[in-house]
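Given next are the chains, with one letter for each unit.
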Amino acid sequence: MPYKGVPPPGAPGAHGALCHGAAGHRRRGPCAVAPRAPAGAPGAAGRPWDEAKAFYDNLTPKKKPKSPKPENAITIAVSSRALFRMEEEQKIYNEQGVEAYVKYQLDHENEPFLPGAAFPFVKALEAVNTQLRELYPDSEELFDIVLMTNNHAQVGVRLINSINHYDLFIERFCMTGGNSPIGYLKAYHTNLYLSSDAEKVSGAIEEGIAAATIFSPSKDLEVSEKQLRVAFDGDAVLFSDESEQIVKAHGLDMFFEHEKAHENNPLAQGPLKGFLEALGKLQKKFYSKGLRMECPIRTYLVTARSAASSGARALKTLRSWGLETDEALFLAGAPKGPLLKKIRPHIFFDDQMFHVEGAKEMGAIAAHVPYGVAQKHKRPLQEKQPQNSK
């Protein structure tokens, strides 16, 4: 509440106020402790001084950290429907059209969206950034989140209000007004693109950008608020699909023979190799400070490969790239869901929907990477998606 005229007793600059110093003695003169809240405000009517101080502190916008330059950051582009739940809005678009959809968003712009599938992942990225800024105050090697959506600008206020409501640090938006945002991904220096729209994700993969379609789990599974956990499948995710092609064409026996014969030949890189590389780069910043065991980033290789017959090639490929994962889990064809339930990743990447569905059933957040021979069957036509809610 702004002051009018002479400040009330106890306000900054008022004289003659009765104050208590740090030692508890009384003195006259300018008050050195927190100001008293005006009548009717929190902290008024004899409430403790710290409540009054908190009231005034909340009137001042909190200083946010400076955004890194895009060329120095690890940029994660997230669609609005991946970050927030927008099922009701989608239903309105499908049944009533774009004008009714936009009107609904305007009428409800002060109501924050509920968190979506990518929300815990984004919060974990910000937790890592907080620790990086403490260790390297001047470094711009940080995660930078971009909200990438083909919403119209009229919907932007509700998105901004939702981001502020959850205290997310997302300063860069790309709102394309109904057009696909894929063409902007490279201009934003995108290292990873997450969307709920499989068609857009496929377009990003075709452009050579790491991307995945993220899905909400079937039930809630608590994830860490202090450590980012990212799990990767191997073939057609971190690696190329050359080995999977052999399985599809010639069966498992030929696959095992091929992997043994080529154990020392690194696999070609897959679509998410660059993202693992970026994570490893940030991990090393913690390692150099003696914080390997306390590192807030942990990575997992979760593969259907068998350790004895085909695991060595996978590990040697990572070594040849100068990369590693903190844990390597070789399941020899067993379901991945139970292991993912134990890991509790913020995101798990796999190229086969069978494993994505298994992860979802266990409560894990999973994302499908549409790459390689497993995608040989053409995707069915998608249900009409709201152009303005991606």
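Definitions and cut-offs
Residues numbered from 1 in each chain as written. Predicted model: local features only at pLDDT ≥ 70, side-chain atom pairs only at ≥ 80, totals over all residues. Heavy atoms only, no water. pLDDT = per-residue confidence, 0-100. Contact = heavy atoms within 4.5 Å. Core = buried A, V, L, I, M, F, W, Y, C linked by side-chain atoms within 4.5 Å. Buried < 20%, exposed > 50% of the residue type's maximum accessible area, 1.4 Å probe, protein only. Salt bridge = Lys/Arg side-chain N within 4 Å of Asp/Glu carboxyl O. Helix = DSSP H or I, 4+ residues; strand = E, 2+ residues; numbered from the N terminus.

- In the nomenclature of an unreviewed UniProt entry, the chain is known as 5'-nucleotidase, cytosolic IA of Chrysolophus pictus.

Some remarks on the confidence of the model for the chain
Line of reasoning, step 1. Per-residue confidence for the chain averages 83 on the pLDDT scale, and 80% of its residues sit at or above 70.
Line of reasoning, step 2. pLDDT under 50 marks residues 1–46. Its contacts with residues more than four places away, or in other chains, come to 68 contacts.
Line of reasoning, step 3. For residues 377–390, every residue scores under 50 in pLDDT, and the model assigns this stretch 45 contacts once sequence neighbours within four places are set aside.

Considering the nonpolar core
Line of reasoning, step 1. By size, the foremost hydrophobic cluster in this structure holds 77 residues, and its most contacted members are Ile 76, Phe 84, Phe 121, Phe 143, Leu 228, Phe 232 and Phe 349.
Line of reasoning, step 2. One finds Val 302, Leu 331, Ile 343 and Ala 366 within the second-largest nonpolar core, a separate group that totals 12 residues.

A few points about the pattern of salt bridges
Pairing is possible between side chains that carry opposite charge, provided their charged atoms lie close to one another.
Line of reasoning, step 1. For the structure on display, the rule yields 19 salt bridges.
Line of reasoning, step 2. Residue Asp 233 pairs with Lys 336 through a salt bridge whose shortest N-O separation is 3.0 Å. Here Asp 233, found in the loop between strand 10 (228–232) and helix 8 (242–250), pairs with Lys 336, found in the loop between strand 12 (327–330) and helix 12 (337–343); they are 103 residues apart in sequence, far enough to count as distant. With respect to class, Asp 233 is no different from Lys 336; both count as buried.
Line of reasoning, step 3. Several salt bridges converge on common partners, so that one network encompasses Asp 235, Glu 242, Glu 259, Arg 305 and Arg 313.

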